[in-house]
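Chain by chain, the residues run as shown.
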Amino acid sequence: MRARRDVPRQRTAEIDTSTPVVVLKLDDNPFHHGGLGVIRGLGRLGVPVYGVCEDPFVPAARSRYLHGHWRWRVSGATTDDVVDGLARIAERLGRPAVVLPTDDAGAILLAEQSERLHPWLLFPSPPSELPRKFAGKDTLHRLCRGHGIPSPETETVTTWPRARAFASALGYPLVAKLAMPWLASGRPRPPSTSVIHGPEQLAELYEKAGQPLVLQEFLPGGAEEAGRGQDWFFHGYRGVGSDVIAGCTGLKERSYPRPAGLTSFGRWVANPELERTATELLRRTDYRGIVDMDWRWDPRDGHYKLLDCNPRLGAQFRLFSDASGLDLSVAAYLDLTGQPVPAMDPVRERRFVVENYDPLAAFGGWRSGRFTLGEWAASVRGTEETAWFARDDLAPFGLMCLRTGWRALTRRFPRRAAGNRRSRPPRFHSGRAAGIANSVSPGRRSGGAKHGVEGVRG
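Predicted model only: the values in this text are computed from it and were never measured.

What counts, and where the lines are drawn
Residues numbered from 1 in each chain as written. Predicted model: local features only at pLDDT ≥ 70, side-chain atom pairs only at ≥ 80, totals over all residues. Heavy atoms only, no water. Buried < 20%, exposed > 50% of the residue type's maximum accessible area, 1.4 Å probe, protein only. Helix = DSSP H or I, 4+ residues; strand = E, 2+ residues; numbered from the N terminus. Pairing = 2+ DSSP bridges. Phe/Tyr/Trp six-rings, centres within 6.5 Å; stacked < 30°, edge-to-face > 60°. Core = buried A, V, L, I, M, F, W, Y, C linked by side-chain atoms within 4.5 Å. Contact = heavy atoms within 4.5 Å. Patch = residues over 30% accessible without salt bridge, like charges linked within 9 Å, V, L, I, M, F, W, Y side chains within 5 Å. Areas by Shrake-Rupley, 256 points an atom, 1.4 Å probe, with all protein chains shown as cover. Salt bridge = Lys/Arg side-chain N within 4 Å of Asp/Glu carboxyl O. 1 Å grid on protein atoms, 1.4 Å probe; cavity = no way out; pocket = protein on both sides within 12 Å on 5 of 7 lines; lining within 4 Å. Points joined across faces, edges and corners; volume = space filled by probe spheres on them. Axes fitted to C-alpha atoms, helices over the stretch in contact; angles between N-to-C directions. Left-handed = near helix turned anticlockwise from the far one by under 90°. Nonpolar A, V, L, I, M, F, W, Y, C, P; charged D, E, K, R; others polar.

Give a detailed account of the pairing of strand β12 (residues 262–268), specifying residues and quantitative values.
With 6 of its 7 residues buried, β12 lies for the most part within the structure. Bridge count for strand β11 (residues 245–256) against β12 is 6 bridges, and the pairing is antiparallel. Considered in β12, the bridge of G250 is made with W268. Inspection of the sheet shows β12 paired to strand β15 (residues 351–353) by 3 bridges, in the antiparallel sense.

Could you give me a rundown of the packing of aromatic side chains, with the residues and numbers involved?
Two measures describe an aromatic ring pair: the distance that separates the ring centres and the angle between the ring planes. Taken as a whole and assessed by the stated rule, the structure comprises 11 aromatic pairs. Judged by centre distance (4.9 Å) and plane angle (65 degrees), the rings of W297 and Y304 are edge-to-face. Look at Y304 and you get buried, because its relative accessible area is 5%. Taking 5.6 Å as the distance between ring centres and 40 degrees as the angle between the ring planes, the aromatic pair formed by F363 and W366 counts as tilted.

Give a detailed account of the nonpolar core, specifying residues and quantitative values.
V21, L42, V49 and L100 are the most contacted members of the largest nonpolar core, which has 43 residues in total. Of all the secondary-structure elements, those providing two or more residues to this core are β1 (21–24), α2 (33–43), β2 (49–53), β4 (97–101), β10 (231–238) and α11 (328–336). Counting residues per element, this core draws most heavily on α11, at 6 residues. Once residues within four sequence positions are removed from consideration, L42 is found in contact with V21, V47, V49, L100, S329, V330 and Y333.

Can you explain a nonpolar patch on the surface? Please cite residues and give values.
On the surface, a cluster of nonpolar side chains totalling about 310 Å² of accessible area is made up of F363, W366 and L373. Position of W366 among the secondary structure elements: in helix α12 (residues 358–367).

So what's going on with empty space enclosed by the protein? Residues and values would help.
On inspection of all chains with the given rule, the structure shows 3 cavities of 30 Å³ or more. Of the voids in this model, the largest cavity is the one considered here, and its volume is about 190 Å³. Taken together, 20 residues line the largest cavity, and the ones lying closest to its centre are P101, P124, Y287, I290 and P311. Sorting the residues of the lining of the largest cavity by element identifies β4, α4 (104–112), β13 (289–298) and α11 as the ones contributing at least two each.

So what about the sheet that holds β2? Which residues, and what values?
Pairing in this open sheet of 6 strands is mixed, and the strands run β5-β4-β1-β2-β3-β17 from one edge to the other. A strand with exactly one partner marks an edge of an open sheet, and here the two such strands are β5 (121–122) and β17 (427–430). Here β4 runs beside β5; their pairing, made up of 2 bridges, is parallel. Residue pairing across strands places V98 opposite L122, the latter belonging to β5. Along the sheet, α2 contacts β1, β2, β3 (66–71) and β4; its crossing angle with β1, the most-contacted strand, is approximately 165 degrees. Running at roughly 145 degrees to β4, α11 makes contact with β1, β4 and β5 of the sheet.

Quick one: what's the story with the pattern of salt bridges, residue by residue and with numbers?
For the coordinates displayed, the defined rule picks out 32 salt bridges. Linked through salt bridges whose partners overlap, the residues forming this network are E217, D298, R300, D301 and K305.

Account for the sheet that holds strand β8 (residues 193–196), with residues named and values stated.
Across the sheet, which stays open at both edges, the 4 strands sit in the order β6-β9-β7-β8 with antiparallel pairing between neighbours. Only two strands of the sheet have a single partner each, and these edge strands are β6 (154–157) and β8. Across the sheet, the mean angle separating the axes of adjacent strands is 25 degrees when strand polarity is ignored. Strand direction decides the pairing type here: β6 and strand β9 (residues 213–217), joined by 4 bridges, are antiparallel. Opposite E155, over in β9, you have L215 as the bridge partner.

Describe the packing of α12 against helix α13 (residues 373–380), and please don't skip the residues or the numbers.
A pair of packed helices can be characterised by two numbers: the angle between their axes and the separation between those axes. At a minimum axis distance of 9 Å, the contact between α12 and α13 shows a crossing angle of 145 degrees. The chirality of how α12 crosses α13 is right-handed. On α13, the residues touching D358, P359, A362 and W366 of α12 are L373, W376 and V380. Residue composition of the contact of α12 with α13, by class: 6 nonpolar, no polar and 1 charged.

Could you give an account of the packing of helix α8 (residues 160–170) against helix α9 (residues 199–209), naming the residues involved and the relevant values?
In the contact formed by α8 and α9, the axes pass within 11 Å of each other and the chain directions differ by 145 degrees. Between α8 and α9 the crossing geometry is right-handed. In this structure, α8 uses W160, A163 and A167 to contact α9, whose residues at the interface are P199, L202, A203 and Y206. Across the contact of α8 with α9, the residue classes tally to 7 nonpolar, no polar and no charged.

So this is what it looks like as structure tokens:
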């Protein structure tokens, strides 16, 4: 496979890049490749990009396009702790910055605490309760029902008898999701989404969850299966100053873990019907900002049904990057800094692969006889966008490989529980791109740059 660096053309070469960006990640996950996509996509255009990392060996922290990062592990932190940490970040930057969350916890906090964080941090302000409703599995189902958007049969269960009754009524397999997967706990957390094949597996998951479970009917079809029943995703952005929605649809060819995991291999495929349905939900709810949706076609009734909706960037969003370097993170940056957002020029059949997960998905597909290893190799040969490897930014890929190897060697050893340790304030560390920061002329700033940051923590 090869990773092609998109060379920015005139549309993105002329933008004002003086406003910095903070990639906000509150989840303790060093293998989150979506944040690295933001760092590279905006960094290649000359935007000063900063990040939040939980330890010094997070691969994204070593990107050549990162100006600096705050070492910050927020497990066990209160809302006030996180708001105070964001205020410290704003004070360090000394000017307003665009904030792009890459996990649900960050998106929810920004929406619900927007009055305390504006104008020093720039981000869309949808109705404050909406991101939590989008991210919550049960609240999303009720939201879909209220706005006429198809979704699977769903029920939130808080008792074992109710869980057993729902499973008996619908039968196995069924899908089980954590109702609030962004919530941290002092014990190891099961996957946010699991496919349950029997009562014993359901009972084990119910015991480990530590929160209500959302049970859903299992729709036929899915990733890696032929026909229209395959899984789809929609990534979109609705700006703060207009009703125009930038949206793209893609096909999930493989996922890991199968069949309810993240996209390990996907393609940019036009689906006007799905795009209309997704954008209609954004308009009906008055959602503003970036969104990542997972859909599945149900051949039983001929509808696309919404499985998940995340109020932030999807991990595979760089699949939707056109020839000029424009993607959804760039669109959000332009909109939030008061600059015009050009229309995206679709690159149909563009492919995206996650190097540390897709070989595992391919091995599972080979063992089950769904395809041969030769067919897998042919599918990824010449892939246009990779999650980790980039010829102009090799360090994150190397560190990802080292951490993957270390995890494989130590996975049999029990992990120490995080406990209830008090969160420490974020500590700033300079990045590889910091050496050129002072050589960039300031240029025109966005409207929010006129405000000072005095009193942001008051």
